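The residues making up each chain are set out below.
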Amino acid sequence: MASQGLCGMDGFSIAHLVTGGCLNRTAGHPLTFSPSSCSAAALLKPDRGEAFRPPSPPPADAVEISCFEVSSEYLRKEMDEDCCSTQLIDGDGAFNVAGIKHFIKTVKLAECGLSYAVVSIMGPQSSGKSTLLNHLFGTNFREMDAFRGRSQTTKGIWLARCADIEPCTIVMDLEGTDGRERGEDDTTFEKQSALFALAVSDIVLINMWCHDIGREQAANKPLLKTVFQVMMRLFSPRKTTLLFVIRDKTKTPLESLEPILREDIQKIWDNVPKPQAHKETALSEFFNVQVVALSSYEEKEEQFKEQVASLRQKFYHSIAPGGLAGDRRGVIPASGFSFSALQIWEVIKENKDLDLPAHKVMVATVRCEEIANEKLAFINADEEWLQLEKAVQHDLVPGFGKKLSAILDKCLSGYDMEVIYFDESVRTSKRQELETKLLQLVNPAYQSMLGHIREKTLNDFKEALDKAIEREGFAVAVDDCTQSFLLKFDKGCEDAAIEQARWDPSKVREKLRRDIDVYVTSVRAAKLSELTTLYEGQLNRALSEPVEALLDAASDDTWPAIRELLQRETKSAISRFSSTLLAFDLDQATVDKMILQVEEYAKSVVESKAKEEAGRVLIRMKDRFSTLFSHDVDSMPRIWTGKEDIKAITKTARSASLKLMSVMTVIRLDDKNDKIENALSVSLMDASDSGGSSRSIQILDPLASSSWEEVPPTKTLITPVQCRSLWRQFKSETEYTVTQAISAQAFSQTYPAFLQSFWCFGPAEANKRNNSMLPPPWAIVAILILGFNEFMILLRNPLYLVVIFVIFLVGKALWVQLDISGVFSNGALPGLLSLSTRFLPTVMNILKRLADEGQRPAAPEHNRNQELETKRFRNGTHSNSSSNITSSESGIEYSSPPTQ
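Looking up the protein chain in an unreviewed UniProt entry gives the name Protein ROOT HAIR DEFECTIVE 3 homolog, with the organism given as Musa troglodytarum. Its UniProt record, at the heading Subcellular location (unreviewed entry), says of the protein chain: "Endoplasmic reticulum membrane". Quoted verbatim from the Function (unreviewed entry) field of UniProt, the annotation for the protein chain is "Probable GTP-binding protein that may be involved in cell development."

Asker: Would you mind going over the packing of helix H25 (residues 799-818) against helix H27 (residues 828-855) with me for this structure?
Answerer: What describes two packed helices is the angle between their axes and the distance between those same axes. Contact geometry for H25 and H27: axes closest at 10 Å, N-to-C directions at 120°. When the axes of H25 and H27 are compared, the pair comes out oblique. As H25 runs across H27, the sense of the crossing is right-handed. Residues Ala-813, Leu-814, Gln-817 and Leu-818 of H25 form the contact with H27, whose participating residues are Leu-835, Arg-838, Phe-839, Thr-842, Val-843, Ile-846 and Arg-849. Along the lines of polarity and charge, the residues of the contact of H25 with H27 split into seven nonpolar, two polar and two charged.

Asker: I keep staring at the nonpolar core and nothing clicks. Help me out?
Answerer: Most often, soluble globular proteins keep nonpolar side chains buried together rather than apart. Among the nonpolar cores identified, the biggest contains 172 residues, and Leu-109, Tyr-116, Phe-196, Phe-400 and Met-661 are the most heavily contacted of them. For this core, the element with the most residues is helix H12 (residues 424-471), which contributes 15 residues. When near neighbours in sequence (up to four residues on either side) are disregarded, Tyr-116 contacts Leu-109, Pro-167, Cys-168, Asp-202, Ile-319, Arg-328, Val-331, Ile-332, Pro-333, Ala-334 and Phe-337. By size, the runner-up hydrophobic cluster in this structure holds 25 residues, among which are Leu-132, Trp-158, Leu-324 and Ala-325.

Asker: Can you help me understand the sheet that holds strand S4 (residues 86-89) in this one?
Answerer: One open sheet accounts for seven strands, arranged S4-S6-S7-S5-S8-S9-S10; its pairing is mixed. Unpaired on one side and paired on the other, S4 and strand S10 (287-293) mark the two borders of the sheet. Going across the sheet, the axis of each strand differs from the next one's by a mean of 25°, ignoring polarity. Relative to strand S9 (residues 240-247), strand S8 (residues 203-209) runs parallel, the two sharing seven bridges. Bridge pairing in S9 links Asn-207 to Val-245.

Asker: What should I look at first to understand the UniProt feature "binding site: GTP" (unreviewed entry) in the protein chain in this one?
Answerer: Within this structure's numbering, the places UniProt gives as "binding site: GTP" (unreviewed entry) are Gly-123, Pro-124, Gln-125, Ser-126, Ser-127, Gly-128, Lys-129 and Ser-130. With respect to the helices, strands and loops of the structure, Pro-124 is situated in the loop between strand S5 (116-122) and helix H2 (129-137). Note on placement: Ser-127 falls in the loop between S5 and H2. Residue Ser-127 is classed as buried on the basis of its relative accessible area, which comes to 1%. With residues up to four places along the chain from it excluded, the contact list for Ser-127 reads Asn-207, Trp-209 and Arg-247. Within the local environment of Ser-127, its side chain forms a polar contact with the backbone oxygen of Pro-124, the two atoms lying 2.7 Å apart.

Procedures and definitions
Residues numbered from 1 in each chain as written. Predicted model: local features only at pLDDT ≥ 70, side-chain atom pairs only at ≥ 80, totals over all residues. Heavy atoms only, no water. UniProt positions renumbered as here; feature names shortened; annotations may be inferred. Axes fitted to C-alpha atoms, helices over the stretch in contact; angles between N-to-C directions. Helix = DSSP H or I, 4+ residues; strand = E, 2+ residues; numbered from the N terminus. Parallel < 35°, antiparallel > 145°, perpendicular 65-115°, else oblique. Left-handed = near helix turned anticlockwise from the far one by under 90°. Contact = heavy atoms within 4.5 Å. Nonpolar A, V, L, I, M, F, W, Y, C, P; charged D, E, K, R; others polar. Core = buried A, V, L, I, M, F, W, Y, C linked by side-chain atoms within 4.5 Å. Buried < 20%, exposed > 50% of the residue type's maximum accessible area, 1.4 Å probe, protein only. Pairing = 2+ DSSP bridges. Polar contact = N/O pair within 3.5 Å; in protein donor to acceptor, adjacent residues only side chain to side chain.

Laid out in structure tokens, this is it:
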């Protein structure tokens, strides 16, 4: 497509096209080239506001070159840098997309925002439209060459920028109407171009001859009628200014012509069919009608120029309030003008229904969405955001909220600046969509930040709570720390909050609260467990030894004393325990449950101790029998002189042992009386006195049962059958002691007193009873004389010392194991008799232990046996035979090795 007008040469002049010639532009003539000696600087350009004067006829040798024949390859710029014309729509209705983009870029229209105006002109063909625009706006539209006849000059729609008018004003020169080239029937393009001018222009100049006013066809009334009708159907009001320019004004005053024009326009508006939405719409809602008259350009050129210059002043600040287009509506931002014009032209050509606000929304939607996508892509590649996103994945980021808010604000502010001139509802909607996408993009980073805050707060809470519990009560420490660290979490969330989002961190806060509650619960459980263990340990220490001592005493007051001890210690422990529990702020049900647990534990301690002592009842019985039988009422060892009633002493000792067994049979913590002691006495003591009946279990024997009457099995320690078995074993193991006593009594009646003391108590005791601290002098002399040879042998052969040392160690072990000092404390004869029964088992036990020690490490059972043995010696056990006790689920079994 050839370019209309002259454009800059990009560093070379048109004179380069024809060597040695000069181009001249004349009004009504095409460019002519004269091969005269003119330089490229002789290229002429008309002054703005002035018409081109027809030159003198060109010389005969002039060569004509039409400016439209100059290839667009060379005409890349306009002659005037402030004015660049391009064809927007060609004669066939094709929209020049590339041309308008180049035009907008050249004139920098996109930078104008809303500060621009669009002016178009329509009117009959060859009515001087282009000439008027060139003089009025300093454009360079092609004008008709009057010397070549009257014909169509402008084809399609041309676009140019006005020179030196603010704001930026774009002028469209439309193809003339009623031209012979298109004919009478081809009026479609006329209507389309007129409708297009009314749809996109703020000011429409309607150029008409003065003598056509009052006419129908010449005044373009049918065209306006059609355009008005279609415009109301397709578009909504945008308040376009219709400026009627009356050309070649006659003597008729303007005051007389203007009412006629306004009346004609109003009639057209009133008579045109209107859609239902605009039945009552006034002409003033769509158009602002103004009229101006100009003198003839050819006849009154100077006056024409003055009137044009005056008219030009109206286009300065035309969009300001009070200007020609001061009340326009539905303005499209300059950056969307090309898209808007293209869409409007397509709608007009395809005759689709579309109103202007919806079209404006469409344009704004496309542009705003493009800008939003650009901003979204920008933030995805923003280095600051990428660093922040990476940092928050690993740890807390101080000032996270402010940093991220600044990044988002920069993105949204850039969007707001670029879409400020688009439809408000659309740009707001797209801004919300952009903001939603941005927030979706940064939400994972925000959630990571909250997770770090929660984790750090929880860890700090745990550390602070452990320290606070040591200084103050548990409940107070928990409340203070919980409130303090929840407040700390809230402050951390405020620091991480994003200004553009109203995200609620309550879910993370609730999770933190649950984590805190779980930790508090675990700590409380641990502390209560420690506390319970502490008081249980205190109860165990307070009850174990006293209960053991009371059971060892085994009297009628044993269980009442145990009950009193249990109540006293339990009450004291519970009082302290309850006071301590107040610091935990527990509910009453939990407190009662824990107190009951402590009470049950106290009872279990007593019951456990009673079961333990019941397992040693046979040992206790033998010890008691030995003590009462071998000592008098003053706890002095008995000397069997023959005057003692051994039978009575034996019965008394056995009765005391039976009393001990009756105490050990059941657990009596409920203060209920039973008949166990009476049943044992009748079945065991009385049966022993009656002779033969003691050797068999009577049919009506109360001990012929596995349970005691009115005693639950859980409280039973020794069953009746076990009592009978224990009694038999007890009697068999104490019979020998009685026999020894009888023998000693018979011996005392036969030998003198000194020998009795010697044999009964040993030499040391005999000498002591004779008031001497040392052996008799004769015994000392005999030892020195008789032992001299042996002493010399030891000195000559030291090996004997080793043998003697080994014998000493074995003897020492036997001395300790047999407790010889304790055995002979009751006399030599009882001691010898006791050693005779215990010597061989003790030696075998020592040898067995030595063998076990040589084969494997010491076992726990060995330690337990040693402990039991030591305790037996500590309690003064001097029985004639050892007893073994084995506990099982069915009861307690008792066994004793046979007496040798």
